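Each chain, letter by letter, is given below.
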Amino acid sequence: MRLSMRLFMMPMPTLLMLFWTSTNIASTEALMSTSRISQSSSSIINNILAHTNANANANAKNRTAFTLSMPMTKEPNASNLRGGSILSKFKVTSVIIKEQFALRLAADPNFVSKSITEVILAAITQFIAECSRRGRTNMITEIDFVIAGIFTAIAGKYYSMWKVAPTSTSTSASRSSNSSVSSKGHGNDHSSSSTVSSSSSSKIPTNAFQTDEPYSLMQRSMAFILPIPDLFRAGFIASAIGYGLTQILISLRSLLVPSYEAATASVNIIHACLYTGGFMAVVSNIRYQLLQGIIEPMVVEKIFRNFPFVKAAAIFAVRLANGLLGSSLAIAGMKMFGLQKLK
């Protein structure tokens, strides 16, 4: 009470001086406490950072030791990646076959049934031709030649049919996508060559007698020439497979039955492959060009257009005759060149 009365009795300047002094003292104490808090906080933060760095260094040492203890792995080489490249080539080939099949199916809606018929007739006509040329009594004696001839005929005749079958030019866009897919699968060098070849042969028909566009005489002539390398290669491979399989059968038979002696002389596989390749490139090329370009579309399908069953029977008969002719000519040529002889 007395202190408050004394303060009340003091003059105004004295009171202001007391208030200012007390305020400075309070602020000074606040600053000192704040500095002490900041110093303690910084020390705590420094301790935390030091502990964190120590842990990080320890973890780094542990990772280094673990890495050094792990076995070294070899980098993939070309042989490891070869499987992927083969798979990519297989995918590209399957895409090409699908697109080429679509082109042939667009040009001939009966291409599937004709393909099945051709495979069946290739085996039947070759067997009939073998019987007629060799005689029934010699079929068992010359069974090696018969088996090889049937396998070669199936592969060769169907590929000849496929190669020179008419295609539709209305789906030319798929050809361009085909070339782009093949370029991705085989690299830049192949892409440039495939682009040039596709651009140069885009106006040449697959069959010399197809009438989807007004082709010139030179273009139709090139339709006979362009399939020759592919047909020769296909005939060579088909003959190698057919006669190679025959040689394997002969070796197995000689191993299992040592007393058996084959009546046929061994075939020179290289000569047989060259003959079959030349036969397909020339004789089969001409036969299937005429069959699929003139006889079937311009004769059979026009005459029996309104009689589907008769048309199917006529196509079967025409292909049967074509198969018999081809097999007879092939066997006669093999005998004429001395490629199939008895001992």
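Along each chain, residue indices are assigned from 1 in the same order as the chain's sequence is written. Restriction of local features to residues with pLDDT of at least 70 applies here, the model being predicted, together with a cutoff of 80 or more for giving and counting side-chain atom pairs; totals for whole chains, interfaces and linings are based on all residues. Side-chain figures throughout are based on the complete set of non-hydrogen atoms in the structure, without hydrogens or water.

Peer 1: Where do I start with the layout of surface pockets in this structure?
Peer 2: Once rolled over the atoms, a probe with the size of a water molecule shows which space is left empty. Reported here for the second largest pocket is a volume of approximately 360 Å³. Around the second largest pocket, the lining comprises 21 residues; the ones closest to its centre are A107, P166, Q210, Q292 and P297. Secondary structure elements are defined from DSSP: runs of H or I of at least 4 residues count as helices, runs of E of at least 2 residues count as strands, and each element is numbered from the N terminus. When residues of the lining of the second largest pocket are traced back to their parent elements, those giving at least two are α4 (111–134) and α10 (269–303). For this scheme, ten residues count as nonpolar: Ala, Val, Leu, Ile, Met, Phe, Trp, Tyr, Cys and Pro. Four count as charged, namely Asp, Glu, Lys and Arg, and the remainder, Gly too, count as polar. Among the residues making up the lining of the second largest pocket, the classes are represented as 8 nonpolar, 6 polar and 7 charged. A pocket here means an open set of points on a 1 Å grid, computed over the protein atoms alone, that has protein on both sides within 12 Å along at least five of seven lines. A cavity is instead a set of points where a 1.4 Å probe fits but cannot get out; residues with an atom within 4 Å of a point line either one. Grid points are joined across faces, edges and corners, and a volume is the space filled by probe spheres set on the points.

Peer 1: Looking at this structure, I do not really get the nonpolar core. What am I missing?
Peer 2: What we call a nonpolar core is a set of buried Ala, Val, Leu, Ile, Met, Phe, Trp, Tyr and Cys residues that are connected through their side-chain atoms within 4.5 Å. Classification of residues uses two cut-offs on accessible area relative to the type maximum, computed with a 1.4 Å probe and protein chains only: under 20% is buried, over 50% is exposed, and between them is partly exposed. Residues F145, A148, Y243, V267, A272, Y275, F279, A330, M334 and L339 constitute the largest nonpolar core, which totals 10 residues. Here this core takes 3 residues from α10, the largest share from any one element. Within the second largest apolar cluster, 7 residues are counted, among which are W162, V164, Y288 and L291.

Peer 1: What should I look at first to understand empty space enclosed by the protein in this one?
Peer 2: This structure, assessed with the given rule, holds 2 cavities of 30 Å³ or more. Considering only enclosed or pocket space, the largest cavity measures out at about 250 Å³ in volume. Secondary structure elements with two or more residues in the lining of the largest cavity: α4, α5 (143–163), α10 and α11 (308–336). With 6 residues, the single largest contributor to the lining of the largest cavity is α10.

Peer 1: I would appreciate a short explanation of α10 in the present structure.
Peer 2: Note: α-helices contain 3.6 residues per turn, so residues at a spacing of three or four share the same orientation. Between its first and last C-alpha atoms α10 spans 45 Å; for 35 residues at 1.5 Å apiece the expected length is 51 Å, and the helix comes up short by more than 12%. A bend of about 45° at E296 is the largest found in α10, and the proline P297 appears one to four places after it. Sitting at the amino-terminal end of α10 is N268, which places a side-chain oxygen 3.2 Å from the backbone nitrogen of I270. Multiplying 1.5 Å by the helix residue count minus one yields the expected span of that helix. What the bend at a residue measures is the angle between two axes, fitted to the seven residues ending there and to the seven starting there. Pairs of N or O atoms are called polar contacts if they sit within 3.5 Å, as long as, within protein, a hydrogen donor faces a hydrogen acceptor (for residues adjacent in sequence, only side-chain-to-side-chain pairs).

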